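In case you want the letters, here they are:
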Amino acid sequence: MDPHTLGHPDLFEREKAVLDRAVAAHNQGPDTPHREALGELIGEFERVIREMRRVIGHSDRTELELNIANVRLRELTEALTYQNRHDGLTRLLNRNTLIHEAERLLMQGPVALILLDIDHFKQINDRYGHPVGDKVLTGLATEIAKLVTYPGFAGRLGGEEFAMVIPTADIRQAIILAEEASHGIRNLRSSTEEGLRITASLSVTIAPKGFPFEKLYLCGDDALYRAKHNGRDRIEIVWSPLAPMDAPKASDPVSAPQPQ
Ligand SMILES: Nc1nc2c(ncn2[C@@H]2O[C@H](COP(=O)(O)OP(=O)(O)OP(=O)(O)O)[C@@H](O)[C@H]2O)c(=O)[nH]1
């Protein structure tokens, strides 16, 4: 392969053919001033082609390097976006992304929020060590991630608190999901340490389209507190997160869900 062309077809094929014919004419012709001028012309022509090849080769290499840099930049942007959106330990959506995505879902329709908080997690860390604690967190993350399907999602709100968000108007669907998660979390112990007992407290809340996520979360968090307060390893259900002060006015686009 001609190193000048870097695998591309020779751009100077036509010029080279002309040059070959000129060289042949020069070699065969009589020794005249005309032949001498032709020789000079051939020399100059060859020099220009060499120079052009050098310039093209250089720009080809520059283009190649630019393409490689572009691919790398794209990979780095994707990695950065992923890191920005996900929790480093569990690979679930992180708190900010979860809130953002939940707000987006709430603009489209009703949403159920399931909050999960591992019970006495500090004791797990203290008794079995931080790496086992991490294993419990990643195990729980895997467990809840497999329960939700797109466009629903699971995320880590921080520490040992997680959430599942599903677009539904049916709170029973969310309760079933919470029960499955609770059951799955209890079974996690077999994949971690001998004798380790893992339970979580959960809350289930549902809100209509347009309801502010902040209020939905506060409501879910209050319910989670009650689940902890009432003995842990239980699910607290909020049939409607609309406090009287939040009750929709005639002008509001949202409507209160009915207790099921
Ligand atoms: N291993 C591990 N521990 C974490 C991580 N993030 C937070 N923690 C620990 O989680 C524990 C949370 O403890 P607490 O807030 O007291 O809650 P708890 O012990 O679960 O008690 P209750 O929620 O009341 O049942 C703290 O000991 C934190 O250090 C983490 O990424 N990995």
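The rules behind the values
Residues numbered from 1 in each chain as written. Predicted model: local features only at pLDDT ≥ 70, side-chain atom pairs only at ≥ 80, totals over all residues. Core = buried A, V, L, I, M, F, W, Y, C linked by C-beta atoms within 7 Å. Buried ≥ 20, exposed ≤ 12 C-beta atoms within 10 Å, placed from the backbone. Helix = DSSP H or I, 4+ residues; strand = E, 2+ residues; numbered from the N terminus. Contact = placed C-beta atoms within 7 Å. Domains from an automatic or database assignment. Near = placed C-beta within 6 Å. Nonpolar A, V, L, I, M, F, W, Y, C, P; charged D, E, K, R; others polar. Axes fitted to C-alpha atoms, helices over the stretch in contact; angles between N-to-C directions. Left-handed = near helix turned anticlockwise from the far one by under 90°. Parallel < 35°, antiparallel > 145°, perpendicular 65-115°, else oblique.

Structural notes on the nonpolar core
By size, the foremost hydrophobic cluster in this structure holds 48 residues, and its most contacted members are Ile114, Ala163, Val165 and Leu202. For this core, the secondary-structure elements that each account for two or more residues are helix H3 (95-108), strand S1 (111-118), helix H5 (130-145), strand S2 (153-158), strand S3 (161-166), helix H6 (171-186), strand S4 (200-207) and helix H7 (213-229). Look past the residues within four positions of alanine 163 in its chain and what remains in contact with it is Leu98, Leu113, Ile114, Leu115, Leu116, Ala154, Gly155 and Leu157.

Some details on the domain arrangement of the chain
As far as domains go, the chain holds domain 1 (13-85) and domain 2 (95-246). A C-alpha centroid distance of 64 Å is found between domain 1 and domain 2.

Considerations on the environment of glutamate 103
Here glutamate 103 lies in helix H3. Taking the C-beta count within 10 Å as the criterion, glutamate 103 has 14 such neighbours and is therefore assigned partly exposed.

Overview of the site of the ligand
Within the structure, the ligand sits among 16 residues, and Asp119, Phe121, Lys122, Gly133 and Gly159 are positioned closest to it. For the shell around the ligand, the element with the highest residue contribution is H5, accounting for 4 residues. Within the shell around the ligand, the residues separate by chemical class into 4 nonpolar, 5 polar and 7 charged.

Section: the packing of H5 against H6
Remark: H5 packs on H6, axes separated minimally by 10 Å, with the N-to-C direction vectors making an angle of 145°. Crossing hand, H5 versus H6: right-handed. In this structure, H5 contributes Leu140, Glu143 and Ile144 to the contact, and H6 contributes Ala181, Gly184 and Ile185. Class assignment for the residues of the contact of H5 with H6 results in 4 nonpolar, 1 polar and 1 charged.

Topic: unusual backbone geometry
Backbone geometry follows two general trends: most residues other than glycine have a negative phi, and most peptide bonds adopt the trans configuration. At the junction of tyrosine 150 and proline 151, the peptide bond is cis and its omega measures out at 10° in the coordinates. Looking at the secondary structure, you find proline 151 in the loop between H5 and S2. Phi at arginine 91 takes a positive value of approximately 70°, unusual for a residue other than glycine. For arginine 91, the position within the fold is in the loop between helix H2 (33-85) and H3. Despite not being glycine, histidine 120 shows a phi value in the positive range, around 45°. Its place among the elements puts histidine 120 in the loop between S1 and helix H4 (121-128). The exposure class of histidine 120 is partly exposed, given the 16 C-beta atoms found within 10 Å.

Comments concerning the packing of helix H1 (residues 13-28) against H2
To describe two helices that pack against each other, one gives the angle between their axes and the distance between the axes. Orientation of H1 relative to H2, taken along the N-to-C sense of each, is 155°, at an axis distance of 10 Å. When the axes of H1 and H2 are compared, the pair comes out roughly antiparallel. In terms of crossing hand, the pair formed by H1 and H2 is left-handed. The segment H1 lies against H2, with Glu15, Leu19, Ala22, Val23, Ala25 and His26 engaging Arg35, Leu38, Gly39, Ile42, Phe45, Glu46 and Ile49.

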